[in-house]
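Okay, here's what each chain looks like letter by letter:
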Amino acid sequence: MSIKKLSLSLLLLLFAFCKISAQNTDPEYIKVTNERAAKIVAKLALANTKKEVAVTNIIAQQFRDLSKIQDARDAEIAKVKSGTLAKEKQNAAIDKLKADADKAIDKLHKSYLKKLGTQLNEAKIIEVKDGMTYGVLPITVAGYNDMLPNLTEAQKKYIYDALVEAREHAMDGGSSKEKHAWFGKYKGRINNYLSKEGYDLNKESTDWHKRVEEREKAKSGK
């Protein structure tokens with residue numbers, strides 16, 4: 001590796017390390033994660049100040065811990081990409097970094113749910129999960145049920161279970177885009193399943209949008 005390339009790699013690594021360290025200790029960043037957590041907790045209506053503070057701290061710390069793992073992963077990936085490894089070895093190194101980060105995130109996920117379980121019952125934990133994922137699961141379930149009113153119980157269960165799995169992954173997403181991408185991936189699976197079940201989803205979607213438009217017109221009195 002040339003001195004120029006070595007210097008660039010070291011600078012990139014130093015910058016990433018400083019960014020991660022600063023982000024996880026910066027009062028403004030801590031304030032942001034606390035505010036995000038507080039918004040989720042406010043909707044739980046716990047009516048217990050001590051419990052609200054405890055749950056807010058657990059959620060806020062989860063945001064920070066996830067960010068620490070993801071930022072460290074991204075910094076190492078940037079280091080690999082700026083290096084001189086052959087493309088095949090570079091891809092293998094990046095895949096390993098991602099796999100290692102996924103293992104750490106999975107361990108953190110389980111620990112996080114245990115911590116929530118010391119303060120909340122299962123119903124409230126589900127509300128936290130929905131809060132962390134913008135309520136996409138209940139919105140999507142309602143959408144499928146409205147679009148396809150003749151779904152069987154087995155089909156409804158498949159849709160719900162798939163979205164529950166998507167939510168578990170989306171909770172650990174580092175951005176809104178990543179969270180929505182997980183739901184998009186599982187909605188693709190759901191749509192493939194429904195197609196095999198005999199639904200013409202293009203037609204069903206078109207008909208559904210027409211029904212929604214008609215309902216909106218009726219509401220507005222037009």
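Before any of the text, the structure's been laid out above.
Residues numbered from 1 in each chain as written. Predicted model: local features only at pLDDT ≥ 70, side-chain atom pairs only at ≥ 80, totals over all residues. Heavy atoms only, no water.

Draft legend 1. Main features of the pattern of salt bridges. Enumeration over the complete set of coordinates arrives at 11 salt bridges. A salt bridge links Asp-74 to Arg-73, with the nearest nitrogen and oxygen atoms 3.0 Å apart. A relative accessible area of 18% means that Arg-73 is categorised as buried. A salt bridge links Arg-215 to Asp-146, with the shortest nitrogen-to-oxygen separation between them at 2.5 Å. Of this pair, Arg-215 sits in helix α9 (residues 201-220) while Asp-146 sits in helix α6 (residues 136-147); the two residues are 69 residues apart in sequence, bridging distant segments of the chain. We classify Arg-215 as partly exposed; its relative accessible area is 38%. (Salt bridge = Lys/Arg side-chain N within 4 Å of Asp/Glu carboxyl O. Buried < 20%, exposed > 50% of the residue type's maximum accessible area, 1.4 Å probe, protein only. Helix = DSSP H or I, 4+ residues; strand = E, 2+ residues; numbered from the N terminus.)

Draft legend 2. Spatial organisation of unusual backbone geometry. Its identity is not glycine, yet Ala-47 carries a phi of approximately 55 degrees, on the positive side. Secondary-structure assignment places Ala-47 in the loop between α2 (27-42) and α3 (49-81). Taking relative accessible area as the criterion, Ala-47 reaches 78% and is therefore assigned exposed.

Draft legend 3. Spatial organisation of the nonpolar core. Counting residues in hydrophobic clusters, the biggest one holds 20 residues, and the most contacted among them are Tyr-144, Leu-148, Ile-159, Leu-163, Phe-183, Ile-190 and Leu-194. Mapped onto this core, the elements with two or more residues apiece are α6, α7 (153-170), α8 (176-196) and α9. Sequence-distant contacts of Phe-183, that is, excluding residues within four places in its chain, are made with Thr-133, Val-136, Leu-137, Leu-163, Ala-166, Arg-167 and Ala-170. Leu-44, Ile-58, Phe-63 and Leu-116 belong to the second largest nonpolar core, which has 17 residues in total. (Core = buried A, V, L, I, M, F, W, Y, C linked by side-chain atoms within 4.5 Å. Contact = heavy atoms within 4.5 Å.)

Draft legend 4. Focus on the side chain of Thr-33. Assignment of secondary structure puts Thr-33 in helix α2. Given a relative accessible area of 1%, Thr-33 falls into the buried group. Discounting residues that sit within four places of it in the chain, Thr-33 has contacts with Ala-60, Phe-63 and Arg-64.

Draft legend 5. Molecular detail of α7. Taking 1.5 Å per residue, 18 residues should reach 26 Å; α7 reaches 25 Å between its end C-alpha atoms and fits that length. For α7, the complete set of buried residues consists of Gln-155, Ile-159, Ala-162, Leu-163, Ala-166, Arg-167 and Ala-170. Axial view of α7: buried residues confined to an arc of 145 degrees, hence all on one face. Opposite the packed face of α7, turned more than 90 degrees from it, sit the exposed residues Glu-153, Ala-154 and Lys-157. On its buried side, α7 packs onto α5 (122-132), α6 and α8. (Expected span 1.5 Å × (residues − 1). Arc of directions from axis to C-beta.)

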